[in-house]
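# Examination of the molecular architecture
One letter stands for each residue in the lines below.
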Amino acid sequence: MKGVSVYRADRLALGKVIRTWDMSSLGVLTGNAEIYRLAHSWIANLIGMGYRVHVIDCAIRFNVYRMMEEVSLLGGNVQAFLDVGSVQRAFTPYQILDVCLGILNRRKSASDIYFVLAPSKQFFDGDVKTQEGFFLLEKLIFVFEAMQNRGIPIVAVESRKYKHKTFQFLFPRLVA
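The following refers to the structure shown. (Residues numbered from 1 in each chain as written. Predicted model: local features only at pLDDT ≥ 70, side-chain atom pairs only at ≥ 80, totals over all residues. Heavy atoms only, no water.)

### A closer look at the pairing of strand E2 (residues 52-57)
What counts here: Accessibility here uses a 1.4 Å probe with only protein chains present; expressed as a share of the type maximum, an area under 20% marks a residue as buried, one over 50% as exposed, and anything in between as partly exposed. Numbered from the N terminus, helices here are DSSP runs of H or I no shorter than four residues, and strands are runs of E no shorter than two. Two strands qualify as a pair provided DSSP detects at least 2 bridges between them.
Burial analysis of E2 places five of its six residues in the buried class, which makes it a mostly covered element. Judged from the four bridges that link them, E2 and strand E3 (residues 86-89) form a sheet pairing that is parallel. Paired with histidine 54 across the strands is serine 86, a residue of E3.

Below, the structure written as structure tokens:
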């Protein structure tokens, strides 16, 4: 298993930080709610570098207006962004797993990068029993490991605020 790298940077240095990310490893952006703003900045920067970014939004964290603002701040072409990016929503643990398994089975381009926004949240929903949520979240981490083993660039963007015992147990595995 690869090591964990922690980066801190201001907006002007963000492009340099992104270029140092080992894309063959699972990236994890985590922190308070502002982490999703940072994810939008990463996405805009990566598209500006010529990557095709695919966003899997698991909890309505993707904000198209914020994305356009980030693209504009970089002096990018908003229409070009719309042509190369994609957003897919997945709101149940089964949908999230299905989308991620689909990524494993899809033919990929070297320029494809995947962002999964708030993947854990739906596993703690009141409709999901604790044991089922634990089992399914463990499966998701296994799928992320498989993506990493295949060198698929993926970034999981997750808040640290969940108090659920399953999250407290499995989150360190996601980061590792």
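### Things to note about the sheet that holds strand E1 (residues 26-31)
Where we set the bar: To get an axis, fit a line to the C-alpha atoms, keeping to the stretch in contact for a helix; angles then go from 0 to 180 degrees between the N-to-C directions.
Reading across the sheet, the five strands line up as E1-E5-E4-E2-E3 and stay open at both edges, with parallel pairing between neighbours. In this open sheet, the two strands that pair with only one neighbour each are E1 and E3. Strand-to-strand twist across the sheet, computed as the mean angle between neighbouring axes with direction ignored, equals 20°. Bridge count between strand E4 (residues 112-117) and strand E5 (residues 154-159): four bridges; the pairing is parallel. When the bridges of E5 are listed, valine 116 appears paired with alanine 156.

### Remarks on the nonpolar core
Stated formally: Grouping buried Ala, Val, Leu, Ile, Met, Phe, Trp, Tyr and Cys residues that are joined through side-chain atoms within 4.5 Å yields what is termed a nonpolar core. When checking whether two residues touch, look at their non-hydrogen atoms; a contact exists if any pair is within 4.5 Å.
Phe115, Phe144, Met147 and Val157 are the most contacted members of the largest nonpolar core, which has 56 residues in total. Ignoring any residue separated from it by four or fewer positions in sequence, one finds valine 157 in contact with Leu29, Ile35, Tyr36, Ala39, Phe115, Val116, Leu117, Ala118 and Pro119.

### A closer look at the pattern of salt bridges
Our working definition: The rule for a salt bridge is simple: a side-chain nitrogen of Lys or Arg has to be within 4 Å of a carboxyl oxygen of Asp or Glu.
Scanning the entire structure with this criterion turns up four salt bridges. For arginine 52, the salt bridge goes to aspartate 112, with nearest N and O atoms at 3.5 Å. Residue arginine 52 is located in strand E2, and its partner aspartate 112 is located in strand E4; the two are separated by 60 residues in the primary sequence. Taking the relative accessible area as the measure of exposure, aspartate 112 reaches 8% and is therefore buried. Between arginine 89 and aspartate 57 there is a salt bridge whose closest N-O contact spans 3.1 Å.

### Description of the packing of aromatic side chains
What counts is decided by this rule: We call Phe, Tyr and Trp rings a pair once their centres come within 6.5 Å, taking the six-membered ring for Trp, and we label the pair stacked below 30 degrees between planes, edge-to-face above 60, and tilted otherwise. The criterion for a charge sitting over a ring is simple: Lys NZ or Arg CZ within 6 Å of the ring centre, and within 35 degrees of the ring normal.
All told, the structure shown has one aromatic pair when counted by the stated rule. Against the face of tyrosine 36 rests arginine 61, its NZ or CZ located 5.4 Å from the ring centre.

### Some remarks on the pairing of E4
Here is the rule: With strands facing away from the observer, any crossover in which the path from the first strand over the helix to the second runs clockwise is taken as right-handed.
Most of E4 is tucked away, with six of its six residues classed as buried. Where burial is concerned, the two faces of E4 agree: the one with Asp112, Tyr114 and Val116 and the one with Ile113, Phe115 and Leu117 are both buried. Relative to E4, E2 runs parallel, the two sharing six bridges. Opposite valine 55, over in E4, you have phenylalanine 115 as the bridge partner. Regarding the hand of the β-α-β motif, the stretch spanning E4, helix H6 (residues 130-149) and E5 is right-handed.

Honestly, it's all geometry; don't read function into it.
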